[in-house]
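# Breakdown of the fold
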Amino acid sequence: METWFDVPGGVPAVGVDHVPREVVEVVLGVAVQRRIAEGRGACRSSWAGLGWAAWRGVGAPVATSVPTHRTVSPLADGRTLSARRLLVATGLRDVLPDVRGLAGHWGQGVVHCPYCHGWEVRDEPIGILAVGPASVHHALLFRQLTDDLVYFTRGTDLDEDTRARFAARGIRVVDTPVSEVVSAEGGGIGGVRLSGGDLVPRRVLAVATTMRARTEGLDELHLPMRDLPGGTGRHFATGAAGATDVPGVWVAGNAADLSAQVGASAAAGALAGARINADLAVADTDAALDAAERGVTRV
Ligand SMILES: Cc1cc2nc3c(=O)[nH]c(=O)nc-3n(C[C@H](O)[C@H](O)[C@H](O)COP(=O)(O)OP(=O)(O)OC[C@H]3O[C@@H](n4cnc5c(N)ncnc54)[C@H](O)[C@@H]3O)c2cc1C
């Protein structure tokens, strides 16, 4: 039996794999893979398949125009493709503060999400590199994972009430400016160097990143965007099931919901896929009716 997993990267828009439609996935505007789903009621996918598909960024095209529900997508390799509907699933980009030595540890010693990395960093000496008010809550979350937590204010405000709350939880506060993140000799993070030269040993640093939906190649669609409070993020503005104000274009996953994890992203892709297919079913019927009526007229 054919399954999604037999077609690496060529997975149709999530949720429409039981429906015989041609779907194209574009990753970074280069790899174009096609599959014509021939579902006839057989079980062709699984929840894991849905999760995997959304995580891979199903249906993330580089598009420049949407003339009346038909999208033309010039790809980075020069090819073009057409689609009647578009699902944008370009994900997001995490923007780190500009601290020397920090970016090289991203995803390993430098983490942003206790729900993604909590188990791996439990009981480690963790530092919070503050970026603003969002870092206060971040600290409380990471305090659940370790007794050894240091909060580097980095020039951000920390009021007396919050300092008292941190003290009650045993969170140490360092107000001295941070000059760099120092790597350990054997790899990983060794500590945080302060402007005076002192080194605060840390193995893990948590940063509340600024999350920005990836928009490369999508500017000409003029999809509405929405900013999170305090400049903490920017994402595509969507309505029910990822619909946008631009006809024929849906957005799913982190590009629309910055806090969605794999499960929520996959679910959003499935929902959008179903809506797109429903939309096409109506369009096909409209076209059939139109053709039939023109046929009658000719007679
Ligand atoms: C370090 C780290 C660890 C994480 N750990 C977990 C975890 O343990 N559990 C969990 O549930 N979640 C985790 N997450 C979150 C999870 O990765 C996301 O929720 C999920 O990947 C979102 O899926 P998505 O399909 O919206 O976007 P993505 O998975 O980011 O996919 C977007 C795809 O679109 C492509 N793309 C971008 N722009 C274009 C373009 N212009 N043209 C074509 N293609 C483009 C990208 O290359 C990418 O392949 C983690 C995130 C990070 C950063």
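Residues numbered from 1 in each chain as written. Predicted model: local features only at pLDDT ≥ 70, side-chain atom pairs only at ≥ 80, totals over all residues.

### Side note on the overall build of the protein
To keep things clear, this is the line we draw: Helix and strand assignments follow DSSP, with helices taken as H or I runs no shorter than four residues and strands as E runs no shorter than two, numbered in order from the N terminus. Burial in this document is a count-based property: other C-beta atoms within 10 Å of a residue's C-beta are tallied, and the residue is buried at 20 or more, exposed at 12 or fewer, or partly exposed in between, with C-beta positions derived from the backbone.
For the protein, the count of helices and strands is five helices and 18 strands. Counting every position in the protein, which comprises 299 residues, the buried fraction comes to 33%.

### A few points about the nonpolar core
Let me state the cut-off plainly: Note on definitions: a nonpolar core is a set of buried residues drawn from Ala, Val, Leu, Ile, Met, Phe, Trp, Tyr and Cys, linked by C-beta atoms within 7 Å. The contact criterion used here is simple: two residues whose C-beta atoms, placed from the backbone, lie within 7 Å are in contact.
Counting residues in each nonpolar core, the largest one holds 28 residues, and the members touching the most others are Ile 128 and Tyr 151. Those elements that place two or more of their residues in this core are strand 7 (110–111), strand 8 (126–129), helix 3 (134–143), strand 9 (149–152), strand 11 (178–183), strand 12 (189–194) and strand 14 (204–206). No other element matches strand 9, which puts four residues into this core. Not counting chain neighbours up to four residues away, the residues in contact with Tyr 151 comprise Ile 128, Ala 130, Ala 139, Phe 166, Ile 171, Arg 172, Val 173 and Val 174. Of all hydrophobic cores here, the second largest spans 22 residues; its members include Leu 86, Leu 221, Leu 223 and Ala 260.

### Considering the pairing of strand 9
Regular strands place their side chains on alternate faces of the sheet. Quick note on the threshold: DSSP-based pairing: two strands are paired if at least 2 bridges between them are found. Looking down the strands as they point away from the viewer, one classifies a crossover as right-handed if the path from the first strand across the helix to the second runs clockwise.
Here strand 9 shows two buried faces, one formed by Leu 149 and Tyr 151 and the other by Val 150 and Phe 152. Where strand 8 and strand 9 come together, four bridges link them in parallel fashion. By the bridge assignment for strand 9, Leu 129 is matched with Phe 152. With three bridges connecting them, strand 9 and strand 10 (residues 172–174) associate as parallel partners. Directly across from Val 150, in strand 10, lies its bridge partner Arg 172. Note on the crossover from strand 9 through helix 4 (residues 160–168) to strand 10: the handedness is right-handed.

### Focus on the sheet that holds strand 16 (residues 225–227)
The condition is simple: Structural elements are reduced to axes, namely lines fitted to C-alpha atoms, with helices fitted over the stretch in contact, and the angle between N-to-C directions of any two is expressed from 0 to 180 degrees.
Read from one edge to the other, the open sheet built from four strands follows the order 6-15-17-16, with strand pairing classed as mixed. The open sheet terminates on both sides in strands that have one partner only, identified here as strand 6 (92–95) and strand 16. Across the sheet, the axes of successive neighbouring strands diverge by a mean angle of 25°, strand direction being ignored. In this structure, strand 6 lies alongside strand 15 (residues 210–213), joined through four bridges in antiparallel fashion. Following the sheet pairing, Val 95 is matched in strand 15 by Thr 210.

### Observations regarding the environment of Ser 179
Mapped onto the elements, Ser 179 comes out in strand 11. Take Ser 179: there are 16 C-beta atoms within 10 Å of it, and that puts it in the partly exposed class. Taking the C-alpha atoms as reference points, Ser 179 and Gly 197, separated by 18 residues in sequence, lie 8.4 Å from one another. If we ignore the near neighbours within four places in the chain, the residues touching Ser 179 are Arg 193, Leu 194 and Ser 195.

### So, helix 3
We apply this condition: Read the arc as the range of directions from the helix axis to the C-beta atoms.
Buried residues of helix 3: Ser 135, Val 136, His 138, Ala 139 and Phe 142, and no others. Taken around the axis of helix 3, the buried residues stretch over an arc of 160°, which confines them to a single face. Close packing links the buried residues of helix 3 with helix 2 (114–121), strand 8, strand 9, helix 4 and strand 14.

### Points about the sheet that holds strand 12
Ordered in space as 11-12-13, the three strands form an open sheet in which the pairing is antiparallel. Bordering the open sheet on either side are strand 11 and strand 13 (199–201), each of which pairs with just one other strand. Taking the axes of each pair of neighbouring strands and ignoring which way they run, one obtains an average angle of 25° across the sheet.

### Examining unusual backbone geometry
Despite not being glycine, Arg 154 has its phi angle at roughly 50°, a positive value. Within the secondary structure layout, Arg 154 lies in the loop between strand 9 and helix 4. Here the phi dihedral of His 222 falls at roughly 55°; this positive angle occurs in a residue that is not glycine. Note on placement: His 222 falls in the loop between strand 15 and strand 16.

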